[in-house]
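One-letter residues, chain by chain:
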Amino acid sequence: MNNMDFNYKLKIAAEPEEVFSALTNPFQIELWSGYPADMKPEAGYEFSLWEGDIAGVNLEIVPNKRLVQEWFFGETEHPSVVRIELRKEGSGNTQVVLEHSNIPEEVYDEIVEGWKKYYLGSLKDMLEMY
């Protein structure tokens, strides 16, 4: 089985601080995901989202700028690393730059759809509602 990479950019009409909070605050994650979340914005913290469907560990946290995580997919040769960069664009906009490396091939399509629709898509919808 090959591992695959996914790169994605998304503009959200919200400040980087708001986007970062929506990615790392368990109460906000529950609002856009619909499920309780176990998350803290600190390196070394093992998190769990979607009732454990997504689990991993925070590798690096730069508040309002960067979030680097390892996602667990059972036994994999190389860690699957998620890197989310937040870049302020003009007034009240954030460019979200996602790099997800070493996604197991058998779940790649599901993960890509998840990112676009349920993860970043839902987060964008929630932040742009107000």
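Check the secondary structure of the chain and you find three helices and six strands. For the chain, the sequential pattern of α-helices and β-strands runs β-α-α-β-β-β-β-β-α. By the compact-globule yardstick of 14 Å for 130 residues, the chain fits well, its C-alpha radius of gyration being 14 Å. If one aligns the C-alpha atoms of the chain with their principal axes, the spans along those axes are about 45 × 25 × 25 Å. For the chain, the proportion of its 130 residues judged to be buried stands at 41%. In the chain, once contacts between residues fewer than 6 apart in sequence are set aside, the share between residues at least 24 apart is 47%. As presented, the chain carries roughly 7200 Å² of accessible surface, and 47% of it is formed by carbon and sulfur atoms. Where the 11 positive side-chain charges of the chain centre and where its 24 negative ones centre are 11 Å apart.

This part takes up helix H3 (residues 108-128). Along its 21 residues, H3 runs 28 Å from first to last C-alpha, staying within 8% of the 30 Å computed at 1.5 Å per residue. Within the span of H3, buried status applies to Tyr108, Ile111, Val112, Gly114, Trp115, Tyr119, Leu120, Gly121, Ser122, Leu123, Met126 and Leu127.

At their nearest, the axes of helix H1 (residues 16-24) and helix H2 (residues 26-33) sit 6 Å apart, and the two run at 85° to each other. Our classification of the angle between H1 and H2 gives roughly perpendicular. Contact residues: H1 offers Glu18, Ser21, Ala22, Leu23 and Thr24, while H2 offers Pro26, Gln28, Ile29 and Trp32.

Here strand E2 (residues 46-49) runs beside strand E3 (residues 54-62); their pairing, made up of four bridges, is antiparallel. Its bridge partner lying in E3, Phe47 is registered against Gly56. In this structure, the hairpin formed by E2 and E3 is closed by a connection of four residues, where Trp50 is found at a positive phi of approximately 50°. As defined by bridge partners, E3 adjoins strand E4 (residues 66-71) across six bridges and the pair is classed as antiparallel. Within the sheet, the bridge partner assigned to Val62 lies in E4 and is Arg66.

The next subject is the environment of Leu120. As for its placement among the helices and strands, Leu120 is situated in helix H3. Judged by its relative accessible area of 1%, Leu120 falls in the buried class. For the pair Leu120 and Glu60, spaced 60 residues apart in the sequence, the C-alpha separation amounts to 19 Å. In this structure, Leu120 is in contact with Tyr8, Leu10, Val96, Leu98 and Trp115, ignoring residues within four places of it in sequence.

On to the pattern of salt bridges, then. In a structure, side chains of opposite charge can pair up when their charged atoms sit close to one another. Counted by the stated rule, this structure contains six salt bridges. Here Lys88 ties to Glu15 by a salt bridge, and the two come within 2.6 Å at their closest N and O atoms. Of this pair, Lys88 sits in strand E5 (residues 80-88) while Glu15 sits in the loop between strand E1 (3-12) and H1, placing them 73 residues apart in sequence. Two residues, Arg66 and Glu60, come together in a salt bridge whose shortest N-O distance is 2.8 Å.

Calculation criteria
- Residues numbered from 1 in each chain as written.
- Predicted model: local features only at pLDDT ≥ 70, side-chain atom pairs only at ≥ 80, totals over all residues.
- Heavy atoms only, no water.
- Helix = DSSP H or I, 4+ residues; strand = E, 2+ residues; numbered from the N terminus.
- Rg over C-alpha atoms; globule rule 2.2 N^0.38 Å.
- Buried < 20%, exposed > 50% of the residue type's maximum accessible area, 1.4 Å probe, protein only.
- Contact = heavy atoms within 4.5 Å.
- Areas by Shrake-Rupley, 256 points an atom, 1.4 Å probe, with all protein chains shown as cover.
- Lys, Arg positive; Asp, Glu negative; His and termini not counted.
- Charge placed at Lys NZ, Arg CZ, Asp CG, Glu CD.
- Expected span 1.5 Å × (residues − 1).
- Axes fitted to C-alpha atoms, helices over the stretch in contact; angles between N-to-C directions.
- Parallel < 35°, antiparallel > 145°, perpendicular 65-115°, else oblique.
- Pairing = 2+ DSSP bridges.
- Salt bridge = Lys/Arg side-chain N within 4 Å of Asp/Glu carboxyl O.

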